[in-house]
Amino acid sequence: MKIRTEKDVRILHEKIKDELGIDVETYKNEEVASSFAELLSFPTYIVSWVFRPVFFSFLIYIFGFYVLNLVHIEYVFYTIIGLLLFLITGISLGLLLLLFKMKNDIWRVINYSLDIMKLSLQDLSSVNNQITEENKKDVLSLLFKGILHIVTIPMLSEAVANKIPFIGFLISRILKKILTLVSDKLEFDEEKIEINLEETEGGSETINSYIKSISSTANGLELITNITFKIARFPILLFFIISFLFLTLFLYIIN
């Protein structure tokens, strides 16, 4: 089940409640929100990795008035079109650099989401009644998607918007894209999920088996995260290359 829209999230929420008896939204509280805010360290370096390229682009733009052979209407074109192209190129470069730096933050967010997932399993008293040999792998995937799309992404987006001025909404969209790709690609090791269908005392062994599978899967998340970041960086890299080529062409023509 791939999640792309708000409607998909609502369907996922209801599916988890119906099939697992868990209301994932209960983990969307002030304590979790505070933890997400503390996990994010990249606002401390966003000035260097986003605003600095934009600032240097603007300086080069100003310098262009002195080094380019501009006459008459060319000043108008350079003032308007040149400023736009320089800023777009600077912002796209800054976002590209930021994606190279923010991997550790995303890694911490994903691991924290897995911790919430373990907590939700421990709170599930009727887990044995919900799990069969046929659906045991799907249970973890469904729950992980629920944690990401119902708890992590909304609270992370809010934390980013509050901590990062001007472009927080853009950063939050990129984070949502990355986490969505992770949820699409992550698979749990079915062989490490051993369930005892005859167990009746709270499903503790089943829960321990699930938690063991989560921990094992977390060890392999690095490769998934690397692939996801490459996918997320590609459109921004492409946009930067295109904007840089347009800027170079514009400067060649106007000079």
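Reading the values: rules and limits
Residues numbered from 1 in each chain as written. Predicted model: local features only at pLDDT ≥ 70, side-chain atom pairs only at ≥ 80, totals over all residues. Heavy atoms only, no water. Helix = DSSP H or I, 4+ residues; strand = E, 2+ residues; numbered from the N terminus. Buried < 20%, exposed > 50% of the residue type's maximum accessible area, 1.4 Å probe, protein only. Contact = heavy atoms within 4.5 Å. Areas by Shrake-Rupley, 256 points an atom, 1.4 Å probe, with all protein chains shown as cover. Expected span 1.5 Å × (residues − 1). Core = buried A, V, L, I, M, F, W, Y, C linked by side-chain atoms within 4.5 Å. pLDDT = per-residue confidence, 0-100. Arc of directions from axis to C-beta. Phe/Tyr/Trp six-rings, centres within 6.5 Å; stacked < 30°, edge-to-face > 60°. Axes fitted to C-alpha atoms, helices over the stretch in contact; angles between N-to-C directions. Parallel < 35°, antiparallel > 145°, perpendicular 65-115°, else oblique. Left-handed = near helix turned anticlockwise from the far one by under 90°. Nonpolar A, V, L, I, M, F, W, Y, C, P; charged D, E, K, R; others polar. 1 Å grid on protein atoms, 1.4 Å probe; cavity = no way out; pocket = protein on both sides within 12 Å on 5 of 7 lines; lining within 4 Å. Points joined across faces, edges and corners; volume = space filled by probe spheres on them.

**What about the overall build of the chain?**
Along the chain, the regular secondary structure elements total 10 helices and zero strands. The secondary structure elements of the chain, listed N-terminal to C-terminal, are α-α-α-α-α-α-α-α-α-α. Within the chain, the proportion of its 255 residues that are buried is 45%. In the chain, once contacts between residues fewer than 6 apart in sequence are set aside, the share between residues at least 24 apart is 84%. A total of about 13900 Å² of accessible surface is found on the chain, and carbon and sulfur atoms cover 60% of it.

**Here we look at helix H8 (residues 168-185)**
Compared with an ideal rise of 1.5 Å per residue, which puts 18 residues at 26 Å, H8 spans 26 Å between its outermost C-alpha atoms and is within 8% of the ideal. Inspection of H8 places Gly168, Ile171, Ser172, Ile174, Leu175, Ile178, Leu179, Thr180, Leu181, Val182 and Ser183 among the buried residues, and these make up the whole buried set.

**Structural notes on the nonpolar core**
By size, the foremost hydrophobic cluster in this structure holds 50 residues, and its most contacted members are Val24 and Ile171. Only helix H1 (6-20), helix H4 (73-101), helix H5 (103-122), helix H7 (136-163), H8 and helix H10 (221-254) provide two or more residues apiece to this core. Broken down by element, this core gets its largest block of residues, 13 residues, from H7. Core analysis: the second largest hydrophobic core is formed by nine residues, Leu70, Tyr78, Phe86 and Leu247 among them.

**Notes on the confidence of the model for the chain**
Considering every residue of the chain, the mean pLDDT works out to 77; 75% of them sit at 70 or more. Looking at the elements of the chain, mean pLDDT is at its lowest for helix H6 (residues 127-130), recorded as 52, and at its highest for H4, recorded as 89. Ignoring residues within four places in sequence, the model shows residues 195-203, a span with pLDDT below 50, making 20 contacts including any to other chains.

**Digging into H1**
With 15 residues, H1 extends 21 Å from end C-alpha to end C-alpha; this agrees with the ideal 21 Å at 1.5 Å per step. Asp8, Val9, Leu12, His13, Ile16 and Leu20 are the residues of H1 that are buried. For H1, the buried positions fall inside an angular range of 140° around the axis, keeping them on one side. In H1, the exposed residues that point more than 90 degrees away from the buried face are Lys7, Arg10 and Asp18. Where H1 terminates, the next one or two residues include Gly21, which has phi positive at roughly 75°.

**Remarks on the packing of aromatic side chains**
All chains considered together, the criterion is met by nine aromatic pairs. Ring geometry for Tyr61 versus Phe65: centroids 5.4 Å apart, planes at 75°, classification edge-to-face. Note that Tyr61 and Phe65 are positioned in helix H3 (residues 46-67) at a spacing of four residues, about one turn of the helix. Given the relative accessible area of 4%, Tyr61 is considered buried. Taking the centre distance of 4.8 Å and the plane angle of 90° together, the rings of Phe65 and Tyr78 count as edge-to-face. Taken as a pair, Phe65 in helix H3 and Tyr78 in helix H4 lie far apart in primary sequence, 13 residues in all. Here the aromatic cluster, defined as three or more aromatic residues joined through ring pairs, consists of Phe58, Tyr61, Phe65, Tyr78, Phe86 and Phe250.

**Quick word on the packing of H4 against H10**
Packing of H4 against H10 brings their axes to within 9 Å, and their N-to-C directions diverge by 155°. Between H4 and H10, the crossing angle belongs to the class labelled roughly antiparallel. When the axes of H4 and H10 are compared, the crossing they make is left-handed. For the contact of H4 with H10, the per-class residue count stands at 23 nonpolar, four polar and two charged.

**Considerations on the layout of surface pockets**
Where empty space is left in the structure can be found by rolling a water-sized probe over the atoms. Taken as a whole, the largest pocket spans an internal volume of roughly 340 Å³. In terms of lining, the largest pocket is formed by 17 residues, of which the most central are Thr5, Glu6, Val9, His149 and Lys176. Its residues assigned to classes, the lining of the largest pocket shows six nonpolar, four polar and seven charged.

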